[in-house]
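Chains, contacts and geometry: an overview
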Amino acid sequence: RSPGRRVKLPMARVGRALLSTAQRAARELRLPPVPFASSCSVLEAALPNDLGTLFVGITSEASIAMPGNGGMRVWSYASLEDAREEARQLAHGMARKHSVHGTGFAGAKLVCAINGDASSLSKRQKGTLMDSVAKTLDLLGGNVYTGCDLNTTVGDMESLSSISPYVLAALGNLAICPNTTTAHGVVGAVEAAFDHNLRGRRFIVHGCGAVGSVVAAELRDAGAVVMTLDIDPARAAIDGVEPLSLEDAWWTVPCDAIVPCSSSYLVDDVIAKNMAASALVGATNLLFRTPSAHEIVLARNIVFVPESVSSAGAVIGDSVEHFDREAFVGATPASMYAFVRSTVSSKTYELLATAAALGVAPSSAEARAVVAATASKMGPVGMRFHAHREVGLAPAAPSPASLFSLSLKAARALQAAPVNAAAAGQWRTAAAALPGRAQYSRTLSTAAGGLRGSAAYTPAVAHDVVIAGAGIMGLNIAYQLKRRAPELSVLVLESAPGLGHGSSGYSTGFQRAYYSFDETMQLALDGMSAYKNWRAYTGLADAQETFVETGALWMLGKPQAENEAMQARLAKYGIGATVLDAAGVKDKYPLMSTDPFPCFDDEGNEQPQSLGELSAVFEHGCGHVDPNACLADMLSVVRREGVEVRFNTPVEDLLLSPDGSKCTGVRTGTESISAGVVVNASGPWFNKLMGLAGVKMSTVALPTRIQVAHKYVPDEYLDLPFTADGWGPSGIYFMPRRQNKQLVFGSIAHRFESEIVDPDQCNPALDPDVKQDFLNCLLHRLPGLESSGEVSGFSSMYTVNQQDVHPMIGETQVQGLWACNGFSGHGFKLAPAVGALVAQQVTGVVTSAWETSCPLDFMSPHREPLTLKVKTHFA
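The present account deals with the structure reproduced in this document.

The rules we used
What you see as residue numbers is a count from 1 along each chain, following the sequence as written. With the structure being a predicted model, the display of local features is reserved for residues of pLDDT at least 70 and the display and counting of side-chain atom pairs for 80 or more, all residues being used for whole-chain, interface and lining totals. Hydrogens and water are ignored here; the side-chain numbers use all heavy atoms of the structure. Counting from the N terminus, the helices are the DSSP runs of H or I reaching at least four residues and the strands are the DSSP runs of E reaching at least two. The span expected for a helix works out to 1.5 Å for each residue beyond the first. Note on classification: 1.4 Å probe, protein chains only; a residue is buried when its accessible area is under 20% of the maximum for its type, exposed when over 50%, partly exposed between these limits. The directions from the helix axis to the C-beta atoms form the arc being described. Contacts were defined at the residue level, with two residues in contact if any of their heavy atoms lie within 4.5 Å. Salt bridge, as applied in this entry: a Lys or Arg side-chain nitrogen positioned within 4 Å of an Asp or Glu carboxyl oxygen. Definition of nonpolar core: a set of buried residues of the types Ala, Val, Leu, Ile, Met, Phe, Trp, Tyr and Cys, connected through side-chain atoms within 4.5 Å. The axes used here are C-alpha line fits, helices contributing only the stretch in contact, and every angle between their N-to-C directions lies in the interval 0 to 180 degrees. For classification purposes, an angle smaller than 35 degrees is called roughly parallel, one larger than 145 roughly antiparallel, one from 65 to 115 roughly perpendicular, and anything else oblique. Helix crossings get a hand from a simple test, with the near helix turned counterclockwise from the far one by less than a right angle marking a left-handed crossing and a clockwise turn marking a right-handed one. Residues are grouped as follows: Ala, Val, Leu, Ile, Met, Phe, Trp, Tyr, Cys and Pro are nonpolar; Asp, Glu, Lys and Arg are charged; all remaining types, including Gly, are polar. Here a strand pair is declared whenever DSSP counts at least two bridges between the two strands.

What follows covers helix 22 (residues 560-572). Helix length check: helix 22 (13 residues) gives 18 Å between terminal C-alpha atoms against 18 Å at 1.5 Å per residue, within 8%. Among all positions of helix 22, only Asn 563, Met 566, Arg 569 and Leu 570 are buried. End-on view of helix 22: buried residues confined to an arc of 115°, all on one side of the axis. Set apart from the buried face of helix 22 by more than 90 degrees, the exposed residues are Ala 561 and Lys 572. Elements that come into contact with the buried residues of helix 22 comprise helix 20 (518-532), strand 18 (577-581) and strand 21 (615-619).

Right under this line is the structure:
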């Protein structure tokens, strides 16, 4: 590519794809009220000793429940009015950052207008300034928190925090640098603007201070050509980059993007008219010197990602620090930077696609309002860090699991290609040749003959298959459908803003074959085969997922004869297993106690137990995968295969025939979509959707709160296997996560798995009493493990089948409406095989690889409940 050639950015590409229906959809979209501050108060106080004036800008939403948050800027201004206006504008800017990213804060900013040189205050002057700021924050009583900004350091914030509690500057974890956090957010925005393809692209980083220097180095390490500028030439002289001179017209140097990381008001009309860049993406607040400079940039079709999105790394970190302090204190810098980078990247994708769908600029209030409205429904972004940290994402590459489809809103207007009728005829012929399978192909053949909606709606878009839910099930079903029928038009709709927000993202990703029924064992082995051969299954040479083998120790209190029978069953399927007595367990894993967990009465007295001798099964070949890496890979796979995936698009209703006997499509908040098949794979939200069609099944699956804890441990504990501990009334599992140096532990006992919840109201925290119960069980089994140290965790949901903890998979009594739910905590491992099962049911086609031989009706929604001796999610 020639230097300086215009690049094709996502916004422009999506914009060109819009058809007339897109404009209609945009016009009909009911925008929420713009959630940014309608007013801003500016408080001011004279600083002692003629030091200057303190201005505090606070937007009208600030309260104790949603405090204002913004950094403390120390600067010399031409006039007090300039300082006052900057405080006002910066507070509004902070409000935009907070609302777009859903941090849980309102807008605020502290501006210290210094008489003299703001960059060279003496130690005594700094002390005077901090005392005055502390008194002001205390007077505001928790309505405002502050942190670092221009000419304030972490050391300054440490000093301030010693006299005021209203400081957020990563002080609970000094290894995390707020400036570096901001820088990684900027890099995430740049990556999103260029489809994560930075190699060979040219960027100018303006300002190489604490933020810009990190941005320049990260872009360089990503393979970009980086040019730098700074008022201090020494700071711009970064290894592997090309310094430019501020004395030259640097903005005329051809590049893909200018990345401003310097002081405000950089871009004036001259720069806006003559810059040779395709995009502006950076950290600078209040980038434009005049409104006309902004208008010139937009008129030239230069994509401007506003700082409210790109420069929000520090406030995202503040959200973690304020709303989940325990997770923040225990975080590694790498995990925090990765979280911020992927979060900002996701938000940038969402903003660009939303703006394209609405036909407005990304910096417009309309686009930001839609994005902010979505964020407001998700709760503080900081509360989601613990789950991101659990999966251990690499800091230099945000997981695509969190990235948004570029066709987020625009794609709803694109007409899908019609189904190939000849191919549909071939599918029906193939189905007829497969005993017991032809009955499942009737809905697809109806779709091939012409898609029709009910009389109540006029569908705007037609697809062969619509899948509700972009979790691991929905994505595998989509992939398996396209594997056997590439001509199918498949649409996946997800209500969340990205992947991993439901049960799939919180899974442990553990893989095993130990099941009560041969059919389930076969399904699990078919799924495990895909995970162990992930690159072959997905066709991704650069797949993120890696299978980590640990083995599994099943200490479930079963007698030796039962364990030997399980050993024989596993052997029948080619799985090695060893039956161990207490001495065998101790010899293999000396860190473990083989004593049963004690039983106590209600008064705390230990009670005798008649358990017999310990017998356990060690299952070879078990292990775990990173669930979010798998989701990321599957998203790449289905898009490669032509599947359309839309986020922020909940299914709000089902389209039914007049008599309710047939499902003909779905309705979102903005359109009706006809489909020959609708698959409900929406996890904990399954029942809400099924209730719209009055579907009744022979078993009932309910969203159930499940809690998981994790604890940092010495290296020797990372060699332990996955262990299911039912030896005595324990009821936990634990498993190593070597990459995080943690043990992850959770429940296998019904006492931990009985809290039925509303999926929209599930408490994401780990309950203190459950944490202690887990820890008691863990320390009993691992008596050498230190009881001190942080134990953190989270809660998510399984959808637990109340009758037999097995899923319901297949067509319901409403023709064309498929159930795929009730996995009771063991769905992730089954997903590739379940995808094959559903695809076989829908198309009647079996391919030569990545299939399952599980009977199609074994998990039918209308089966008799399976009989289990013990009902736990281990099935």
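The next point concerns the pattern of salt bridges. Counted by the stated rule, this structure contains 32 salt bridges. Put simply, Lys 771 and Glu 326 hold a salt bridge, and the shortest N to O gap is 3.8 Å. One end of the pair, Lys 771, is in helix 26 (residues 768-781); the other, Glu 326, is in helix 13 (residues 325-329), with 445 residues separating them in the sequence. It is possible to trace a salt-bridge network through shared partners that takes in Arg 73, Glu 86, Lys 109 and Asp 149.

Counting 80 residues, the largest nonpolar core has Ile 467, Ile 472, Leu 481 and Val 834 as the members making the most contacts within it. Ranked by residue count, the leading element in this core is helix 27 (residues 827-843), at 9 residues. With 53 residues, the next largest nonpolar core counts Val 187, Val 226, Ala 327 and Ala 355 among its residues.

Between helix 6 (residues 178-193) and helix 7 (residues 212-221), the least distance of the axes is 8 Å, while the angle of their chain directions is 45°. In terms of axis orientation, helix 6 runs oblique to helix 7. In terms of crossing hand, the pair formed by helix 6 and helix 7 is right-handed. Where helix 6 approaches helix 7, its residues Thr 180, Ala 183, His 184, Val 186, Val 187 and Val 190 are matched on the opposing element by Val 214, Val 215, Glu 218 and Leu 219. Classifying every residue of the contact of helix 6 with helix 7 gives 7 nonpolar, 2 polar and 1 charged.

In this section: the sheet that holds strand 30 (residues 742-747). Ordered in space as 18-21-17-28-29-30-27-31, the 8 strands form an open sheet in which the pairing is mixed. If you trace the sheet from one side to the other, it starts and ends with strand 18 and strand 31 (791-801), each paired once. Geometrically, the sheet is characterised by an average inter-axis angle of 20° between neighbouring strands, direction not taken into account. Both strand 17 (residues 552-555) and strand 21 contribute to a ladder of 3 bridges, which runs antiparallel. Pairing of Leu 553 across the sheet is with Phe 618, part of strand 21. Sheet strands in contact with helix 22 are strand 18 and strand 21, and its direction is about 165° off that of strand 18.

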